[in-house]
Structure formats: structure tokens, C-alpha cells
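One-letter residues, chain by chain:
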Amino acid sequence: MKSLSLIGMSKNSGKTTVLNALLEFYSKRGIKLALSSVGRDGEDEDILTSTGKPKIFVDEGTLFATVSSLLPLCDITKEILSVPGINTPLGEVIIMRARSGGYIQLAGPSVNSQTSNVCSILESFGADIILVDGAISRKTFSSPSITDATILCTGAALSANMNRVIDDTVHVHDLLKSPKIDSELRQKSEGSSLALIRDDGSCEGFEQAALTDSLAEDIIKRGVQNSIIIADDASKFLIRRDTVNKLKFRNNSLMVRNSIKLLAVTINPVSGSSYEFDSKLFKKALKQYIDTPVINVMERREELYDLLG
């Protein structure tokens, strides 16, 4: 595994805590780390919710990508390695190496091709593994064309209703683990990033690469049944839970050409507001519906480390 992305179901889902656990794991083993982000991370306080956030501490030698406006907020000695000409609303992306240990803030591009470019540059400077900090609104960064594996982070901050959190998490989990097609279906669907294989074996290709709710609703309205919708990978399924249920009611299924390796689902039972879930109950309830390891990193980070090897 050369790269790993983190997807947060919401703000305060525990994603930065998981990132710090990964930093600890790899640093202790002398593995050369690189970090990137599709949003902003590492700040003392969440800009939108005004709640406290964990800081990101890196050891000397860590590679990372951030933007020009955050350089003064990175409490390390910095070595600039590359300025690839990628601009973001927070400034230009800069690739650097930490020449001392300290706290950093991350921010990066929100375009897949640019993130892939940043990862390639980090790898060219000797990174053994690249950690990409993402978000559920940008789950395309879990695509196997960008990272080798992903971790889904969920928690009480998503909703005060634990059942809703479980339902929404299971929905995203199941999409990410959409089954892979066989060689026959691959051959039938060639030529279109998104394709529909009907029950009579005919194939319909679509111009767009992602399955959205509007496109799925159009397919449903046309009375399509007993068919397979194929995407390049599961990050291209951008549809709500009720839309999936409508497709399944008509015996339509979702499949992919390239599988996403979902390493774990991590949970944060604390909302950051005035409520929290019972951690054991939350974990037990979620494990009833998914076949991926469920881990509370604050309580049992060694469970995550066992998965990493």
C-alpha cells in the first residue's frame, strides 16, 4: 500500500484523530511519510463550528503538501521542494519537507487530477506512503486511481439520532464496497465510463462518468429492471440511500470495474456538541450491518495497527 485516503462522513467525525494514529504507527516504524489534504486540516478550531480540533504533529523528514497562506501557521523548519503551479482558494500548493518536528496545517487541491499530481510529486521525493485527508463530499479521492485504500470515518457529529448515523454510514460503506464485474461484463461495457447492461445483454453508455440521483431517477422512470449499472469505481456512485433502494426494488444492481479497498470504518461517539453515543452500543450496532472492521481509535488504536500490519 503506497497511499491511503481518509473520508469523513461529517465534520468532527474523528478523521484527524485517525490521521494522527496513522502518523504514530508509520513514524515508529521508520516509514517515510507524506501528507496531503483536499480540504483544510490541522487548525486549532473548526472554522465553521468553532469547536476545538486535534492538531497534526509531524516528525522531522515528513513530506507534506499545503498552501501558501498556511505556511506561517506551520510550526516547523521548512524546506520547499516543489511549487507545481496548482492554485486553490487558500493559495498556491507547495510541496515541502519538515526539517524539524512540529505542528502543521494542511490544505490542498479539490480536483482529482491535481491531487493525483501532488501524490506523484510526493512519491518522487521518496515517500513510502502518502496519506490523503478527504471528506464525504469529495469521496472521489477514495478512487483506486488516486489511493490504494481508504478508511471511512463516522461519528455522532453526523446526527443526534444514532440510527440515522448508522443508516447513512452503512449506505456509504455499501456503495464503496460495490462488487467488481467479471471479464464478460467488462467487455460488454467498454467504451463508456458509466454503462447500463440490460437483462437482454444490451449495453447503454452515458456521457457522464458518475451516477447521480437525477440520472438514476431517469433510469427508474424509464422502467429499467433486472439490469446492472457499471462505473469505473464506487466513488462515482453519488446517490442517496433512497435512490439506491428504488433501483434495488426494480432488481437493478451497482457494480464497478475497479474495487476500492475499504480498510476500516472508524467511529467517534462524541459529537463535539452537547451529546454523545454509548461507544460500545454504537460499535456493536454498526457491526451488525457491515463486514468491515469497526474501530474506535481513541479506545483501541491497536486494532487499526493490526490491519496495517
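All figures in this text were calculated on a predicted structure; none of them were measured in a lab.

A. Main features of the overall build of the protein. Within the protein, the secondary structure is distributed over 8 helices and 20 strands. Relative to its length of 309 residues, the protein is compact, with a C-alpha radius of gyration of 20 Å against a globular reference of 19 Å. In terms of overall dimensions, the protein has C-alpha extents of about 65 × 45 × 35 Å along its principal axes. Looking at the protein residue by residue over its 309 residues, the buried ones come to 53%. The long-range share in the protein, meaning contacts at least 24 apart out of those at least 6 apart in sequence, stands at 74%. For the protein, the computed accessible surface area is about 13,700 Å², with 47% contributed by carbon and sulfur atoms. The average position of the 36 basic charges and that of the 38 acidic charges among the side chains of the protein differ by 1 Å.

B. Spatial organisation of the pattern of salt bridges. One pass over the structure, following the stated rule, counts 20 salt bridges. Asp291 is the partner of Lys177 in a salt bridge, and the nearest nitrogen-oxygen pair spans 3.0 Å. Within this pair, whereas Lys177 is found in the loop between helix H3 (162-176) and helix H4 (183-188), its partner Asp291 is found in the loop between helix H7 (279-287) and strand S20 (294-295), the two being separated by 114 residues in sequence. In this structure, the salt-bridge partner of Arg222 is Asp218, at a minimum N-O distance of 3.4 Å.

C. Representation of helix H1 (residues 15-28). For H1, which comprises 14 residues, the first-to-last C-alpha distance of 20 Å matches the rise-based estimate of 20 Å (1.5 Å per residue) to within 8%. Of the residues making up H1, those classed as buried are Lys15, Thr16, Thr17, Val18, Leu19, Asn20, Ala21, Leu22, Leu23, Phe25 and Tyr26. One or two residues past the end of H1 sits Gly30, with phi positive at roughly 70°.

D. Region of the structure containing the sheet that holds strand S16 (residues 228-231). Strand order across the open sheet formed by 4 strands is S14-S13-S16-S18, with mixed pairing between neighbours. In the strand order of this sheet, the two ends are held by strand S14 (203-206) and strand S18 (253-256), each with one partner. Within the sheet, the average angular offset between the axes of one strand and its neighbour, ignoring direction, is 25°. Judged from the 4 bridges that link them, S16 and S18 form a sheet pairing that is parallel. When the sheet's bridge partners are listed, Ile229 is paired in S18 with Leu254.

E. Structural view of the environment of Met255. In this fold, Met255 is placed in strand S18. A relative accessible area of 14% places Met255 in the buried class. In the structure, Met255 is positioned 25 residues away from Ile230 in sequence and 4.9 Å away in space, judged by C-alpha atoms. Leave out the neighbours within four places in its chain, and Met255 touches Pro179, Lys180, Ile181, Leu185, Ile228, Ile229, Ile230, Ala231 and Phe237.

F. Main features of the environment of Leu254. Along the chain, Leu254 falls in strand S18. Taking the C-alpha atoms as reference points, Leu254 and Gly272, separated by 18 residues in sequence, lie 35 Å from one another.

G. Seen up close, the nonpolar core. Within the largest apolar cluster, 40 residues are counted, with the highest numbers of intra-cluster contacts made by Leu211, Ile229, Phe237, Leu247, Leu254 and Leu286. Those elements giving two or more residues to this core turn out to be H3, strand S13 (194-197), helix H5 (213-221), S16, helix H6 (241-249), S18, strand S19 (262-268) and H7. Of all the elements, H3 adds the most residues to this core, at 7 residues. Excluding residues that lie within four positions of it along the chain, Leu286 makes contacts with Thr154, Ile166, Thr169, Val170, Val265, Ile267 and Val294.

H. Here's a closer look at the packing of aromatic side chains. This structure, assessed with the given rule, holds 5 aromatic pairs. Between Phe25 and Tyr26, the aromatic rings sit 5.0 Å apart at their centres with planes inclined by 85°, giving edge-to-face as the arrangement. Tyr26 shares its class with Phe25; the two are buried. Residues Phe25 and Tyr305 carry aromatic rings whose centres are separated by 5.0 Å and whose planes lie at 35° to one another, so their mutual orientation is tilted. Within this pair, whereas Phe25 is found in helix H1, its partner Tyr305 is found in helix H8 (residues 297-308), the two being separated by 280 residues in sequence. A relative accessible area of 2% places Phe25 in the buried class.

I. Quick look at the environment of Gly30. Looking at where Gly30 falls in the secondary structure, it is placed in the loop between H1 and strand S2 (33-37). Note on Gly30: relative accessible area 63%, which makes it exposed. Gly30 sits 206 residues away from Lys236 along the chain, and the two C-alpha atoms are 35 Å apart.

Rules used in this analysis
Residues numbered from 1 in each chain as written. Predicted model: local features only at pLDDT ≥ 70, side-chain atom pairs only at ≥ 80, totals over all residues. Heavy atoms only, no water. Helix = DSSP H or I, 4+ residues; strand = E, 2+ residues; numbered from the N terminus. Rg over C-alpha atoms; globule rule 2.2 N^0.38 Å. Buried < 20%, exposed > 50% of the residue type's maximum accessible area, 1.4 Å probe, protein only. Contact = heavy atoms within 4.5 Å. Areas by Shrake-Rupley, 256 points an atom, 1.4 Å probe, with all protein chains shown as cover. Lys, Arg positive; Asp, Glu negative; His and termini not counted. Charge placed at Lys NZ, Arg CZ, Asp CG, Glu CD. Salt bridge = Lys/Arg side-chain N within 4 Å of Asp/Glu carboxyl O. Expected span 1.5 Å × (residues − 1). Pairing = 2+ DSSP bridges. Axes fitted to C-alpha atoms, helices over the stretch in contact; angles between N-to-C directions. Core = buried A, V, L, I, M, F, W, Y, C linked by side-chain atoms within 4.5 Å. Phe/Tyr/Trp six-rings, centres within 6.5 Å; stacked < 30°, edge-to-face > 60°.

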